[in-house]
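Chain and residue survey
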Amino acid sequence: MITTILIAIGIGLLVAILILVFKLPTKIQYVEEIQVNASVKKVYDAVRFQEQLMDWSAWPSETNSQCAVKNVDGQIGAQTVYLKKGKQFGYQEVTELIENEKVSFYLTSKAPFEQDTRMHFYLRPVNKNQTNVSLYFDNTLKKPSHVFPHVFGIVNWTHNMHLKDLAGLKKYVETE
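The notes below deal with the structure included here. (Residues numbered from 1 in each chain as written. Predicted model: local features only at pLDDT ≥ 70, side-chain atom pairs only at ≥ 80, totals over all residues. Heavy atoms only, no water.)

What follows deals with the overall build of the protein. Tallying secondary structure elements over the protein gives 6 helices and 7 strands in all. Helices (α) and strands (β) of the protein occur, in sequence order from the N terminus, as α-β-α-α-α-β-β-β-β-β-β-α-α. Projecting the C-alpha coordinates of the protein onto the three principal axes gives extents of approximately 75 × 35 × 25 Å. Taken over 176 residues, the protein has a buried fraction of 39%. Contacts spanning at least 24 positions in sequence make up 53% of the contacts within the protein whose residues lie at least 6 apart. Carbon and sulfur atoms form 59% of the exposed surface of the protein, whose accessible area is close to 10,100 Å². (Helix = DSSP H or I, 4+ residues; strand = E, 2+ residues; numbered from the N terminus. Buried < 20%, exposed > 50% of the residue type's maximum accessible area, 1.4 Å probe, protein only. Contact = heavy atoms within 4.5 Å. Areas by Shrake-Rupley, 256 points an atom, 1.4 Å probe, with all protein chains shown as cover.)

Let's shift gears to the packing of aromatic side chains. All chains considered together, the criterion is met by 6 aromatic pairs. Through successive ring pairs, a cluster of aromatic residues spans Trp56, Phe105 and Phe121. (Phe/Tyr/Trp six-rings, centres within 6.5 Å; stacked < 30°, edge-to-face > 60°.)

As summarised here, the arrangement of the 7 strands in space is 1-7-6-5-4-3-2, forming an open sheet in which the pairing is antiparallel. Edge positions in the sheet fall to strand 1 (27–36) and strand 2 (66–70), since each of these pairs with one other strand and no more. Taking the axes of each pair of neighbouring strands and ignoring which way they run, one obtains an average angle of 20° across the sheet. Relative to strand 3 (residues 79–84), strand 2 runs antiparallel, the two being bridged by 5 bridges. Each residue of the ladder has a partner; that of valine 69, found in strand 3, is threonine 80. Relative to strand 1, helix 6 (residues 154–175) is tilted by about 20°, and along the sheet it contacts strand 1, strand 6 (115–127) and strand 7 (130–141). (Pairing = 2+ DSSP bridges. Axes fitted to C-alpha atoms, helices over the stretch in contact; angles between N-to-C directions.)

This is the structure in structure tokens:
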């Protein structure tokens, strides 16, 4: 009797996992916007210079990690390296710069699931001292490990972190 119940539970879990594998999306995309009271040049520099970005980004404090900048800061190829107990577990790299318009990043980390993560900041001056900032997040997860970020709330947590980042950017450029 107990064996039959355990087999039924096991089959039920297997069916549930298979449904999740085929139903949950592998592509996570969203755009968030914020208007800041700062010039587009000031905002552009705050995003492209990794040393400045780490001053306003929520990620180091929320993940209890340390950061270091590799390569020439503010240029394509600059990396913010994430460290935990002195060991690197990921980085973000500047992959595209269009002066006062766009900063793009590629992100990678040692995670239990494979992913291809890109993030773009689009900047549009509203007037001399106001800038509209759009954060475009594009993440492709690989099957079947894409189930874990959905089930364990990592997708929502990441989205909330980006909202904190935009609020941090706003506060940083408006008080600098």
